[in-house]
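Residues per chain, in single letters:
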Amino acid sequence: MDGRVLHFYLAGINDENFLMRDRETGSWWQQVSGRAIAGPLRGARLRLLSSEEISFGLWRREYPWGTVLAPVAADRKNYVRAGWVKRYHKYAVVVPLPHGPLKGRSLVVGVTLAGHSVAYPLAQVAKQGVIEDTLGDTPILVALGPDQRTVRVFARRAPGLPAEDSFFKEVAAPAADAGTKGRAASEAKRVRKPLAAVAARPAVRPAHPAPNTAASPRTGGKAASTAPGKGRKTAKASKPFTLGPWKLLDAATGSQWDFRGCAIQGKEQGRCLPILPSLTEDWFDWHHYHPQSRVWSVGLPR
Amino acid sequence: MRRFSFWMLIVAAVAEVLIAGIPVWVIRPFVAQPPRALALAMALRDAGGGATLLALAVIVVCAAVVLWPPRESRSGAAEGARRRRWARVTVAVAALVAGGVATGIAHVDYFQWMFHPDHDVRAIPIAQAHWPARAMVLDVHLGGQARAYPIREMGYYHVVNDRLGGAPIAATY
């Protein structure tokens, strides 16, 4: 901040989003906005770096040369447990919410672009796999990754592409075409099961993700991981993790794109779609800081 | 003088409790923080160290005055005087305890006791990281480097001061 390095520490909570202070000035900062809300630097805003929530299995495949924050041995027992999001669902939401089908602690993928904000219910993203939308005048693509957990948002207008393109996802690899139907059907069945309410009235009820399903929709795949490090004790049978083939094709040329947003086969090979910043968080918090945000839902006008 | 000190003692003790207690009460999880209450709580956290020390000094002085041995009381009022003295001792001790505890709370950052910050932030290569493949991590890449901040780790203290690609960053969750 202005040539000075600030060091932050946990200092409290404000409407369910944490507050931090910096050791250098004692200013109070809101985590989600990066804005100083009190103290000498009040009004200042930290520069937001691009980051994303991604499964470790996918991350290590994409960044095999990357490094990981070392755990603190003494605090290992204090780290939040797997599936902790589920436990938070029982707490009441403390900020006002608009009327709508989304519950306060439903997870959404929030995107803001040129003053326009939209929230994609994570359960819907998990169910659809690929969502196409337009935000402001930017055509965008929301895609669920090959790990069935990570969500990325792309601009559907790659540099060099003539106009906005349309994308669709293939569920399985071409080699497994014969088995695709059966597997896709069983997959749909598994995903729909906890989303019965959504399936019944898709047009008016975007989502209430069943807590665990939203965070980690089951794929019905095998427990083995194809990521580097295969064979390590990384996946339990109850919660399969798969990094299988993931195929995205564009309608205009039929080129094949990967989850990094780059065309790996076909006419567009070598081109990449820009990745847009997105944030996966509770609907109440997204709405609290983006009150004008719309919620994406099936069948409703954009 | 003694009566004045007695009431000052009570006022200072109440002030101590409010100065230290309001931030604790307002800044707590699973409730809303109304903006004005939060502003007051943050101001009290900032000014609380000095203010509680001042109030504690007032308490100590007033307690000394209040507890100073009484002059010879008239024989007929001995019982009443003893009762009043006990009341004064009780109030003075309660004020000293409240003042001491409140001053302590105002001077320590209790969040650092409840949640321990990572004072020795280190990064390890992937091969040494034993998180399950399905565990979610926060990815940051900067200046040709990529670092994963495991969510289960970040969900505990929420903020890590780190350096990546030569730049100072704060990873938060």
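Residues numbered from 1 in each chain as written. Chains lettered and ligands numbered in written order. Predicted model: local features only at pLDDT ≥ 70, side-chain atom pairs only at ≥ 80, totals over all residues.

> Could you clarify how one ought to interpret the overall build of chain A in this entry?
Looking only at helices and strands, one finds seven helices and 18 strands in chain A. Sorting the 302 residues of chain A into buried and exposed places 38% on the buried side. When contacts within chain A are restricted to residue pairs at least 6 apart in sequence, long-range pairs at least 24 apart make up 53% of them. (Helix = DSSP H or I, 4+ residues; strand = E, 2+ residues; numbered from the N terminus. Buried ≥ 20, exposed ≤ 12 C-beta atoms within 10 Å, placed from the backbone. Contact = placed C-beta atoms within 7 Å.)

> Before we go on, may I ask you to explain the domain arrangement of chain B in this structure?
Interfaces are often sized by the amount of accessible area the parts lose when they come together. In terms of domain boundaries, chain B breaks down into domain 1 (2–114) and domain 2 (126–172). One C-alpha centre belongs to domain 1 of chain B, the other to domain 2 of chain B, and the line joining them spans 44 Å. (Domains from an automatic or database assignment.)

> I tried to follow the sheet that holds strand β1 (residues 8–14) of chain A on my own but got confused; where do I start?
Backbone hydrogen bonds hold the strands of a sheet together, and the pairing may be parallel or antiparallel. Residue and element names in this part refer to chain A. A sheet is described by the order of its strands in space; here four strands give the open sequence β1-β2-β3-β4, paired in antiparallel fashion. Lying at the two open borders of the sheet, with one neighbouring strand each, are β1 and β4 (35–38). The average angle at which neighbouring strand axes cross in this sheet is 40°, direction not considered. Pairing between strand β3 (residues 28–30) and β4: three bridges, direction antiparallel. Paired with Gln30 across the strands is Arg35, a residue of β4. (Pairing = 2+ DSSP bridges. Axes fitted to C-alpha atoms, helices over the stretch in contact; angles between N-to-C directions.)

> Any chance you could explain the interface of chain A and chain B here in plain terms?
Chain A puts 52 residues into the contact, and the matching count from chain B is 52 residues. Listing elements by their share of the side of chain A that touches chain B, those giving two or more residues are β1, β2 (17–22), β5 (51–55), α1 (56–62) and β6 (67–69) of chain A. Considering every element that reaches the side of chain A that touches chain B, the biggest residue donor is β1(A), with seven residues. The residue makeup of the side of chain A that touches chain B, split by class, is 31 nonpolar, 14 polar and seven charged. Inspection of the sheet shows β5(A) paired to strand β2 (residues 136–142) of chain B by five bridges, in the antiparallel sense. The residue of β2(B) that forms the bridge with Glu52(A) is Asp139(B). (Nonpolar A, V, L, I, M, F, W, Y, C, P; charged D, E, K, R; others polar.)

> Looking at this structure, how should I read the pairing of strand β4 (residues 159–164) of chain B?
Note on strand geometry: in a regular strand, side chains alternate between the two faces of the sheet. Residues and elements named next belong to chain B. In the sheet, β4 pairs with strand β5 (residues 167–172) via six bridges, with the strands oriented antiparallel. In the strand pairing of β5, Val160 is matched with Ala171. Hairpin connection between β4 and β5: a loop of two residues separates the two successive antiparallel strands, and Gly165 in this loop has a positive phi of roughly 60°.

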